[in-house]
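Below, each chain spelled out in residue letters.
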Amino acid sequence: MILKGFHNYLRGSVRCDVMGIHPERFFNQCVKAGIAFWDICYVTPNRMTLSMSARDFRHIRPVARSAGCTLRLTKKRGALYTSRRLRRRYALLFGAAVLAFFFWAMNSLILTIDVTGYERVAPAEILSAMKAEGVGVGTRVSLVDASRLRNKILLEIPELSWFTVTIRGSHAVVDVRERGDTPEVPDHSLPADIVSDRTGVVTICRVFRGEGQVEVGSLVHEGDLLVSGLVHLRLDEKTMLTHASADIYARVWHQATAAVLLDGETKVPTGRKSVRYALSLGKFRINFYKDGRKPFDKYDKISNRYEMELSDGSQLPFALIRETYYEYETFRSAPDEQEQAALLARAAQQLVAGQGEGSVVSNLGLRVWITDRVLYARATGESVQKIGVTVLRE
Amino acid sequence: MAKMKLSQRLSRALELPADAALPVPRLEITGRNDILITGKAVLLEYSPELVRVARDSCEVTVRGTDLRICAMDKMGMQVLGLIASVEFRE
């Protein structure tokens with residue numbers, strides 16, 4: 001019933017008064033002429049009202065005449081007549097066109113792209129490769145050939161082993177998998193030495209193959225030979241080449257320095273602020289402010305981006321941006337030296353602790369000094385590390 | 001009359017639906033408020049108390065209160081209202 005009513009509204013309908021000696025005759029003539037009508041209301045024996053489609057009403061006059069009835073149009077309704085009334089309302093038509101374009105764009109164009117599953121390959125690289133193949137924000141969904149795109153991208157980015165594009169409405173989800181690193185298998189048949197890669201004092205030296213060049217307690221520098229692949233056979237007084245292998249640990253030192261300018265500036269907020277709003281639509285930005293210049297000479301800016309998400313977590317391609325500018329003034333101020341020194345020392349010690357590569361770093365010392373109004377803090381530490389790298393002999 | 005009987009017999013023998021083989025209206029009554037008359041029926045009289053339709057020699061009279069022809073076209077008509085009786089006359 002609702003569908004029928006909607007159909008009648010779309011095609012347009014009219015309400016008429018039928019007057020005559022026998023309105024029933026008029027109804028029968030209409031049926032004979034193939035004209036359908038509905039909602040027949042009895043008013044008097046000689047007067048009834050009915051509804052019919054606007055198209056059928058154009059052919060009704062001869063039928064009424066032949067049935068000996070007169071017809072009077074009382075009401076018009078439907079999209080046909082409404083649209084005629086709205087024909088001169090240009091803003092409304094423009095709004096309807098914008099809405100139609102919006103619906104079309106939401107369903108036909110890719111407006112957002114999410115890349116998932118990456119670890120080492122940057123998503124920007126993947127998006128750039130897709131863009132080179134003609135797929136990006138603004139591309140028509142119907143033009144995307146996922147299979148062809150996959151083949152092209154996998155050839156272009158060899159680090160990827162898997163690539164799929166799933167498009168839901170205007171949102172594209174790119175799922176990638178990267179190839180695992182193939183471990184490098186050392187060729188033990190080639191002669192090689194072990195060379196120190198840092199400075200330290202050897203604490204453990206276990207040589208499996210080759211001829212050891214250092215002992216426990218030896219000081220080694222970066223580049224020093226630790227184990228030689230050239231082995232002297234003492235009994236035969238000959239030499240042989242081998243692929244050196246050893247576990248060598250050494251006490252190594254770490255150092256980190258932090259500095260701060262003592263003639264600093266202090267920011268003091270003035271309390272004045274300026275708020276601006278903008279709408280982000282894909283690549284486009286619509287500013288809701290006229291003056292694009294910066295509101296203050298010195299300011300801190302905080303941007304908030306409010307995005308809308310669908311129930312499946314995918315984001316819609318538009319967002320409201322709120323930018324707040326807080327004005328401040330600067331004054332020269334001398335910071336508290338002791339406080340700054342403590343902060344610097346803590347920062348330097350944290351840097352040293354981070355250089356331990358997993359092993360415990362013991363603090364050896366801390367030095368704080370001032371040169372040319374610059375406060376320095378240097379921390380040193382010590383840890384036991386495995387040293388030595390294998391270098392093939394030429 | 002003899003022709004009608006022959007066609008009636010024939011439609012029964014061939015197990016054809018009567019409304020398809022014979023020139024009679026088909027009535028579909030739903031509850032007391034809805035009656036659907038299909039077939040090429042002619043409206044003879046219409047008032048809120050009475051709707052009279054005919055096809056060839058068969059005449060159907062629907063009596064009731066607040067009767068209203070909801071829709072009508074060459075396929076038939078739908079009558080809504082409180083139906084009291086349906087009468088047939090040859």
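Residues numbered from 1 in each chain as written. Chains lettered and ligands numbered in written order. Predicted model: local features only at pLDDT ≥ 70, side-chain atom pairs only at ≥ 80, totals over all residues. Heavy atoms only, no water.

With that out of the way, let us pick up the overall build of chain A. Looking only at helices and strands, one finds nine helices and 22 strands in chain A. Since a compact globule built from 394 residues should have a radius of gyration of about 21 Å, the 42 Å found for chain A marks it as more spread out than a globular shape. Over its C-alpha atoms, taken along the principal directions, chain A stretches across nearly 140 × 70 × 30 Å. Across the 394 residues of chain A, 33% fall into the buried class. For chain A, contacts bridging at least 24 residues in sequence account for 67% of all contacts bridging at least 6. For chain A, the exposed area adds up to about 25,100 Å²; of that, 54% sits on carbon and sulfur atoms. In chain A, 54 positive and 43 negative side-chain charges are present, and the distance between their average locations comes to 24 Å. (Helix = DSSP H or I, 4+ residues; strand = E, 2+ residues; numbered from the N terminus. Rg over C-alpha atoms; globule rule 2.2 N^0.38 Å. Buried < 20%, exposed > 50% of the residue type's maximum accessible area, 1.4 Å probe, protein only. Contact = heavy atoms within 4.5 Å. Areas by Shrake-Rupley, 256 points an atom, 1.4 Å probe, with all protein chains shown as cover. Lys, Arg positive; Asp, Glu negative; His and termini not counted. Charge placed at Lys NZ, Arg CZ, Asp CG, Glu CD.)

The next thing to look at is the overall build of chain B. The number of helices and strands found in chain B is two helices and six strands. Overall, chain B shows an N-to-C arrangement of helices and strands of α-α-β-β-β-β-β-β. Each principal axis of the C-alpha atoms in chain B carries an extent, and together these give about 40 × 25 × 20 Å. With 90 residues in all, chain B has 33% of them scored as buried. Pairs at least 24 apart in sequence give 41% of the contacts found in chain B among residues at least 6 apart. Total accessible area on chain B is roughly 5,600 Å²; 55% of this is exposed by carbon and sulfur atoms.

Residues and elements named next belong to chain A. Spatially, β5-β7-β6 is the arrangement adopted by the three strands of the open sheet, whose pairing is mixed. Of all strands in the sheet, those bounded by a partner on one side alone are β5 (112–116) and β6 (160–168). The average undirected angle you get between the axes of adjacent strands in this sheet is 15 degrees. Here β5 runs beside strand β7 (residues 171–178); their pairing, made up of five bridges, is parallel. If you follow Thr112 over to β7, its bridge partner there is His171. In the packing of helix α7 (residues 123–132) onto the sheet, contacts are made with β5, β6 and β7, and the angle to β5 comes to roughly 130 degrees. (Pairing = 2+ DSSP bridges. Axes fitted to C-alpha atoms, helices over the stretch in contact; angles between N-to-C directions.)

Take empty space enclosed by the protein next. All chains considered together, the criterion is met by one cavity of 30 Å³ or more. Each pocket or cavity is described by its volume, and for the largest cavity that value is around 60 Å³. Lining of the largest cavity is provided by Val31 of chain A together with Ile37, Gly39, Lys40, Ala41, Met72, Asp73, Lys74, Gly76 and Met77 of chain B. Elements supplying a minimum of two residues to the lining of the largest cavity: β5 (58–73) and β6 (76–89) of chain B. Each residue belonging to the lining of the largest cavity can be placed in one class, and the counts come to five nonpolar, two polar and three charged. (1 Å grid on protein atoms, 1.4 Å probe; cavity = no way out; pocket = protein on both sides within 12 Å on 5 of 7 lines; lining within 4 Å. Points joined across faces, edges and corners; volume = space filled by probe spheres on them. Nonpolar A, V, L, I, M, F, W, Y, C, P; charged D, E, K, R; others polar.)

By the assigned domains, chain A splits into domain 1 (2–83), domain 2 (108–178), domain 3 (192–250), domain 4 (257–262 + 335–385) and domain 5 (266–333). Here domain 2 of chain A and domain 4 of chain A have C-alpha centroids that lie 46 Å from each other. (Domains from an automatic or database assignment.)

With that settled, consider the environment of Ser128 of chain A. All names here are of chain A. Looking at the element boundaries, Ser128 is found in helix α7. Classification of Ser128 by relative accessible area gives partly exposed; the value is 46%. C-alpha separation for the pair Ser128 and Leu80, spaced 48 residues apart in sequence, amounts to 49 Å.

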